[in-house]
Amino acid sequence: MQGFLLLNKPEGITSFGAVSKIKRLAHEKRVGHTGTLDPMATGVLPIFLGKATALSSHLLDGEKTYTATVKLGITTDTLDITGEITSRKDVNISNKDLLNTLNEFKGKILQTPPIYSAIKQNGVRMYELARRGETAEIPAREVEIFDIALTSELDGKNEFSFTATVSKGTYIRSLVGDIGEDLGCGATLTSLCRTFASGFDIKDTIKLCDLTEENIESFIKKEDTALPHLDTVYVSQKQAIRFSNGGQLSYERLNKCDFADGQLLKVYFDKTFLGLGFADNENRQICIKCNINKI
């Protein structure tokens, strides 16, 4: 089974766990996801199956949108409610204070990723170091908060919700921790849902609980639908055979050749998506990035 599946990951399992479930349902060993979600998080998780897994690194690395619920007055070691509580403080915050603080985070900011994260240091995941009680310095990096808005005001439990559209590499847990620090009372993330990622909206996803061995194939889309942002090149049958066998395609034999050097391109013969190539302007040819289908 081969193609692209847009999954709504449920709460309580890792992204790897979701992939394992898809493997069993599809009876396909080659399954991979793009854009890891924490176990407590839900939402958009693009998944590739079969030879299409070669495309996963080429999915659009664009902005992502999340909805989050936050509890003020406590902090945890993981920056979310699944962790051990490290502090408790009284909350004396108004909704005006909250709005002003949220607005301060709009734009480019420096953010330190959480220690409980999948970032690697010397080949070891940071969460593995944290679980062993080891500490490591994580350098701050620049991310961008394109938009952040309050969706529900503070309630009697000192909880509120917001939506945020952010750049690649932004950790909402770290954002929540920084918001709590600025407010002076601490904060922790209690729920998180990714509603938009890689150009795809949560309304177009399928829930894992709704997938079965009998119906999963009907939800698997053609792999090229995952890459609408890439330009397209159509080739002749002879060129398609050459491309499928590992040969480069000369610009002289193409109808279109006004590419940026290194530009990634979807290559088709008629309606068949052959794979990805990239423009080599110096040698005036399209080189193979990956082969997906043959004619």
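Residues numbered from 1 in each chain as written. Predicted model: local features only at pLDDT ≥ 70, side-chain atom pairs only at ≥ 80, totals over all residues. Heavy atoms only, no water.

Engineer: Describe the overall build of the chain, listing the residues and the values that go with them.
Structural biologist: On a plain count of helices and strands, the chain comes out with 6 helices and 19 strands. Seen along its three principal axes, the alpha-carbon backbone of the chain occupies a region of about 70 × 45 × 35 Å. Sorting the 295 residues of the chain into buried and exposed places 46% on the buried side. Considering only contacts within the chain whose residues lie at least 6 apart along the sequence, 67% involve residues at least 24 apart. (Helix = DSSP H or I, 4+ residues; strand = E, 2+ residues; numbered from the N terminus. Buried < 20%, exposed > 50% of the residue type's maximum accessible area, 1.4 Å probe, protein only. Contact = heavy atoms within 4.5 Å.)

Engineer: Can you lay out the pattern of salt bridges for me, pointing to particular residues and giving the numbers?
Structural biologist: A full pass over the atoms with the stated rule returns 5 salt bridges. The shortest N-O distance in the salt bridge between Arg30 and Glu28 comes to 3.3 Å. You can call Arg30 partly exposed: its relative accessible area is 43%. Close ionic contact of Glu252 with Arg284 constitutes a salt bridge, the shortest N to O distance being 3.2 Å. (Salt bridge = Lys/Arg side-chain N within 4 Å of Asp/Glu carboxyl O.)

Engineer: Hey, could you go over the packing of helix α2 (residues 95-104) against helix α4 (residues 172-183) for me, with residue numbers and the actual values?
Structural biologist: For the pair α2 and α4, interaxial distance at closest approach is 10 Å and the crossing angle is 130°. By the angle class used here, α2 and α4 are oblique. The element α2 and its partner α4 pack so that their crossing is right-handed. Here Asp97, Leu98, Thr101, Leu102 and Glu104 of α2 come into contact with α4, specifically with Ile179, Asp182 and Leu183. (Axes fitted to C-alpha atoms, helices over the stretch in contact; angles between N-to-C directions. Parallel < 35°, antiparallel > 145°, perpendicular 65-115°, else oblique. Left-handed = near helix turned anticlockwise from the far one by under 90°.)

Engineer: Break down the nonpolar core for me, citing the residues and quoting the values.
Structural biologist: The biggest cluster of nonpolar side chains holds 29 residues, and the ones touching the most others in it are Leu72, Ile148, Phe162, Ile172 and Leu175. Breaking this core down by element, the ones donating at least two residues are β4 (64-72), α2, β10 (141-152), β11 (159-166), α4 and β12 (187-197). Looking at this core element by element, the count peaks at 5 residues for α4. Here Phe162 is in contact with Tyr66, Thr67, Ala68, Val70, Leu102, Ile148, Ala149, Leu150, Thr151, Ile172, Leu175 and Val176, once residues within four sequence places are set aside. By size, the runner-up hydrophobic cluster in this structure holds 18 residues, among which are Leu59, Ala197, Ala226 and Leu264. (Core = buried A, V, L, I, M, F, W, Y, C linked by side-chain atoms within 4.5 Å.)

Engineer: I'd like a rundown of the environment of Leu5, residues and numbers included.
Structural biologist: With respect to the helices and strands, the residue Leu5 is situated in strand β1 (residues 3-9). You can call Leu5 buried: its relative accessible area is 0%. Here the alpha-carbon distance between Leu5 and Glu144, two residues 139 residues apart in the chain, equals 28 Å. Residue contacts for Leu5: discarding those within four places in its chain leaves Ile22, Leu45, Pro46, Ile47, Leu49, Ile206, Leu211, Phe219 and Ile220.

Engineer: Talk me through the packing of aromatic side chains; I want residue IDs and the actual numbers.
Structural biologist: Across all of its chains, the model carries 6 aromatic pairs by this definition. Aromatic side chains Tyr251 and Phe259 sit 5.5 Å apart centroid to centroid with 65° between the ring planes, which places their arrangement in the edge-to-face category. Both residues of the pair, Tyr251 and Phe259, belong to the buried class. Residue placement shows Lys289 over the ring face of Phe278; its charged tip is 5.7 Å from the ring centre. (Phe/Tyr/Trp six-rings, centres within 6.5 Å; stacked < 30°, edge-to-face > 60°. Lys NZ or Arg CZ within 6 Å of the ring centre and 35° of its normal.)

Engineer: Lay out the state of the cysteines in plain terms, naming residues and giving numbers.
Structural biologist: Scanning the entire structure with this criterion turns up 0 disulfides. Of all cysteine sulfurs, the one in Cys209 lies closest to Cys193, which takes part in no disulfide; the gap is 14 Å. On the basis of relative accessible area, Cys209 is assigned to the exposed category, the value being 67%. (Disulfide = S-S within 2.5 Å.)

Engineer: Describe in detail α2, supporting the description with residues and values.
Structural biologist: Restricting attention to buried positions, one finds in α2 the residues Leu98, Thr101 and Leu102. For α2, the angular spread of the buried residues around the axis is 100°, confining them to a single face. Those residues of α2 that are exposed and aimed more than 90 degrees away from the buried face are Lys96 and Glu104. In this fold, the buried residues of α2 make contact with β10, β11 and α4. (Arc of directions from axis to C-beta.)

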